[in-house]
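So you can see what is in the structure, the chains are spelled out below.
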Amino acid sequence: MQTIIWILNSERQIGEVSRDVYGGFVEHLGRNVYGGVYDPASATADEDGFRRDVLDLIRRLDMPITRYPGGCYVDTCCWEDGVGPVRKAKLDPAWHQLEPNTFGLDEFMRWADKANTRPLITINIGNRSVIDTQNLYEYCNFPRGTYWSDMRRANGHEEPYHIREWCLGNELYGSWEVGQMSAADYGRLAREHAKLLKKLDPECRLIVCGTPDDQEWNRTVLDFCGEYIDKLSLHDVFFHAPEQDERGYLNSVDRFEKKLTESIGSCHAFEAVHGRRIAVSVDEWIIWDFDRRMRPEEEWTSGMHLLEQDYTILEALIAGSLFSCFHRHADTVDLACLAQSVNVIAPIRTEPDGTSWRQSIYFPFELTSRYGRGLSLEPEETGNEDGSLYGSAVLNREAGELTLFLTNRGSEPLDFQMEFGGSRRLLESLTMNHADHSAVNSPRGEILQPEPLAAALDDAGNLRTQLPGISWNMLRIKTDVPEAR
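Summarised in this report is the structure supplied together with it.

Reading the values: the criteria
Along each chain, numbering runs from 1 in the same order as the chain's sequence is written. Only residues with pLDDT of 70 or above have their local features reported here, since the model is predicted, and side-chain atom pairs are shown and tallied only from 80 upward, although totals for entire chains, interfaces and linings are computed over all residues. Processing note: side-chain calculations cover all non-hydrogen atoms of the structure and skip hydrogens and water entirely. Counting from the N terminus, the helices are DSSP H or I runs at least four residues long and the strands are E runs at least two residues long. Take the number of residues in a helix, subtract one, and multiply by 1.5 Å to get its expected span. Each residue's exposure class comes from its accessible area (1.4 Å probe, protein chains only) as a fraction of the maximum for that residue type: buried when under 20%, exposed when over 50%, partly exposed otherwise. As defined here, a cavity is a set of points on a 1 Å grid over the protein atoms alone where a 1.4 Å probe fits but cannot get out. A pocket is an open set with protein on both sides within 12 Å along at least five of seven lines, and residues line them when an atom is within 4 Å of a point. Grid points are joined across faces, edges and corners, and a volume is the space filled by probe spheres set on the points. Throughout this entry, Asp, Glu, Lys and Arg are counted as charged residues, while Ala, Val, Leu, Ile, Met, Phe, Trp, Tyr, Cys and Pro are counted as nonpolar. The remaining residues, Gly among them, count as polar. Two strands qualify as a pair provided DSSP detects at least 2 bridges between them. Orienting the strands away from the viewer, one traces the path from the first strand over the helix to the second; a clockwise path indicates a right-handed crossover. Take the buried residues of types Ala, Val, Leu, Ile, Met, Phe, Trp, Tyr and Cys, join any two whose side-chain atoms come within 4.5 Å, and each joined set is a nonpolar core. Whether two residues touch is decided by their heavy atoms; if any such pair falls within 4.5 Å, the residues are in contact. In this analysis an axis means a line fitted to C-alpha atoms, helices contributing only their contacting stretch, and an angle means the value between N-to-C directions, from 0 to 180 degrees. The scheme is simple: roughly parallel for angles under 35 degrees, roughly antiparallel for over 145, roughly perpendicular for 65 to 115, oblique for anything else. Working rule for handedness: look at the near helix, and if it is turned counterclockwise from the far one by less than a right angle, call the crossing left-handed; if clockwise, right-handed. Grouping into patches uses exposed residues only, defined as over 30% relative accessible area, and leaves out salt-bridged ones; the cut-off is 9 Å for like charges and 5 Å for nonpolar side chains (Val, Leu, Ile, Met, Phe, Trp, Tyr). Per-residue and other accessible areas follow the Shrake-Rupley method at a 1.4 Å probe size, with only the shown protein chains counted as cover for residues. Whenever a carboxyl oxygen of Asp or Glu lies within 4 Å of a side-chain nitrogen of Lys or Arg, that contact is scored as a salt bridge.

Residues separated by three or four positions in an α-helix point in the same direction, a consequence of the helix having 3.6 residues per turn. Between its terminal C-alpha atoms helix α8 (residues 252–274) stretches 33 Å, which fits the 33 Å expected from 23 residues at 1.5 Å a residue. All of the buried residues along α8 are Ser252, Val253, Phe256, Glu257, Leu260, Ser263, Ile264, Ser266, Cys267 and Phe270.

Shown next as structure tokens:
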């Protein structure tokens, strides 16, 4: 059996893991909003029409930040259509659906408050003006006395929302976007919107469209607007291509990490010249096989079935590995959002009768969000030449805990050993694996869940366990490492 050894030292630090890497996404797409977070007709709906069961599951994921309202949906979005007593229904060309706008900005802010998450608002800068951005800012954040702030108050929201984080457009490098433009044109446009927002709120945090696939785009955009922005956005899709075996699919995280490293290099190059740190925001990571799963009879309707993909154990490993990837780059990756949150390529699924269930990816998200807070440590590793093991280690000095997140991408079990001088007691050890790699959770049962993993910690603080083939694993260890001063 292959043996892999990690030697950990509390002084060998990558950086503090940002809480915001455990973010979510509520786009007006399929049944993410209508029939997902918002369903007044459901037996589980609260007084605002929000599904209580969904709110409970979202809270358990402890998402500090949630992106809204898109996504590709943003390209033709006019936020004004979704506020006030009279709502304007319109077509959404991005997803061939009808948008009634009964759930808009104010409803999202009310939902976010109940979900214990804060907003990351994407602004339509590709097809709207700088003045439109100012109007949105005033509606959201100015106390009173302007047309838009007083409109918010008239709509029943006396206090401003104090939104501090904004995305400047969505994927405007892409041919699929209405409003696509060159890097130079986008950089110039983003600079003007960013300049305005920084004048209105110098402490706001702005995210600009980047791409992991084109460093020339990233460098050009940063050259034009980097002095005003705080983060470079990266989006990517993880899919099981027909020609890939399971290992090739699981290794897609390695390919993303390579592109992430290149993008970080572009940020560092900008910082070296201009002295301004640019962090990375992976604010749309998607596990999707590119099948829309649309019901033809529902086209151009609201709350239509779209992208409702079932997830297997393989997707759980992808999700768990991506969180480890963010840990491994904790010095630069400040934010990440799983797209989406409910029904649409999501960890949570619902039915109109009030049924809801957790998909396989829910569990790595929940556990990593709960215990992956603290300092990311860089292990000294031996025995992993074939890359079967992918993982991360997070030290929470305040709680006195070290947590290991380990993905065995190989089909055979691995003998895993860890040495850490401050280890004192094994608190918990869990694994996710299943013999049937096509099995999925459903309303009939959640068969893909974490189970106890046999592990032992000796008197010297050395850990030993056997990681099952094709598995995601979490081990928590009590430590006596002193808190940082």
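In total, this model carries 3 cavities of 30 Å³ or more according to the counting rule given. The set of elements that each furnish at least two residues to the lining of the largest cavity consists of β7 (118–123) and α3 (130–141). Its residues placed into classes, the lining of the largest cavity shows 12 nonpolar, 8 polar and 2 charged.

A separate point is the pairing of strand β8 (residues 165–168). Burial of the side chains of β8 extends over both faces: Glu165 and Cys167 are buried on one face and Trp166 and Leu168 on the other. In the sheet, β7 pairs with β8 via 4 bridges, with the strands oriented parallel. In the strand pairing of β8, Thr122 is matched with Cys167. Following the chain from β8 across helix α5 (residues 183–200) to the adjacent parallel strand β9 (residues 205–209), one finds a crossover that is right-handed.

This paragraph deals with the nonpolar core. With 116 residues, the main nonpolar core has Phe103, Trp111, Trp166, Tyr186, Trp285 and Phe326 as its most contacted residues. Take this core: its biggest share by element is 10 residues, from helix α9 (residues 313–328). The residues contacting Trp166, other than those within four sequence positions of it, are Leu120, Ile121, Ile123, Leu136, Tyr137, Cys140, Asn141, Leu197, Cys204, Arg205, Leu206 and Ile207. Listed in part, the 20 residues of the second largest apolar core include Leu395, Leu406, Leu414 and Leu467.

In the contact formed by helix α1 (residues 52–61) and helix α10 (residues 362–371), the axes pass within 8 Å of each other and the chain directions differ by 50 degrees. Between α1 and α10, the crossing angle belongs to the class labelled oblique. Here Leu57, Arg60 and Leu61 of α1 lie close against α10, whose contacting residues are Tyr362, Phe365, Glu366 and Ser369. When its residues are assigned to classes, the contact of α1 with α10 shows 4 nonpolar, 1 polar and 2 charged.

The contact between helix α6 (residues 215–225) and α8 brings their axes to 10 Å, and the two run at 30 degrees. In terms of axis orientation, α6 runs roughly parallel to α8. Between α6 and α8 the crossing geometry is right-handed. In contact with Gln215, Asn218, Arg219, Leu222 and Asp223 of α6, α8 contributes Lys259, Glu262, Ser263, Ser266, Cys267, Phe270 and His274. A class-by-class count of the residues in the contact of α6 with α8 yields 3 nonpolar, 5 polar and 4 charged.

Looking now at the sheet that holds strand β12 (residues 333–338). Ordered by their spatial adjacency, 8 strands build an open sheet running β3-β4-β7-β8-β9-β10-β11-β12, and the pairing between neighbours is parallel. Because the sheet does not close on itself, it has two edges, and the strands there are β3 (24–25) and β12. Lying over the sheet, α3 contacts β7 and β8, oriented at roughly 160 degrees with respect to β8. Across the sheet, α8 touches β10 (231–238), β11 (279–287) and β12, and the angle it forms with β10 is around 165 degrees.

There is a patch of nonpolar side chains on the surface, built from Leu91, Leu98 and Trp300 and spanning about 260 Å² of accessible area. One can find Leu98 in strand β6 (residues 97–99). By relative accessible area, Leu98 is classed as partly exposed at 32%.

In this section: the sheet that holds strand β16 (residues 380–382). Ordered by their spatial adjacency, 5 strands build an open sheet running β16-β1-β19-β23-β22, and the pairing between neighbours is mixed. Each having just a single partner strand, β16 and β22 (455–457) make up the two edges of the open sheet. Adjacent strand axes in the sheet meet at a mean angle of 15 degrees when their direction is disregarded. Strand direction decides the pairing type here: strand β1 (residues 3–8) and β16, joined by 3 bridges, are antiparallel. Each bridged residue has a counterpart across the sheet, and for Trp6 the counterpart in β16 is Glu381.

Right, let's talk about the layout of surface pockets for a bit. In this structure, the largest pocket encloses a volume near 560 Å³. Residue lining of the largest pocket: 29 residues in total, with Cys72, Glu171, Trp176, Val237 and Glu284 positioned closest to the centre. Sorting the residues of the lining of the largest pocket by element identifies β10 and β11 as the ones contributing at least two each. Looking at the lining of the largest pocket, the element that brings in the most residues is β10, giving 3 residues. Its boundaries defined by the atoms lining it, the second largest pocket holds a volume of some 270 Å³. Considering the residues around the second largest pocket, the lining is formed by 15 residues, among which Arg328, Glu378, Pro379, Glu381 and Gly391 are closest to the centre.

Keep in mind that these numbers describe shape and distance, not what the molecule does.
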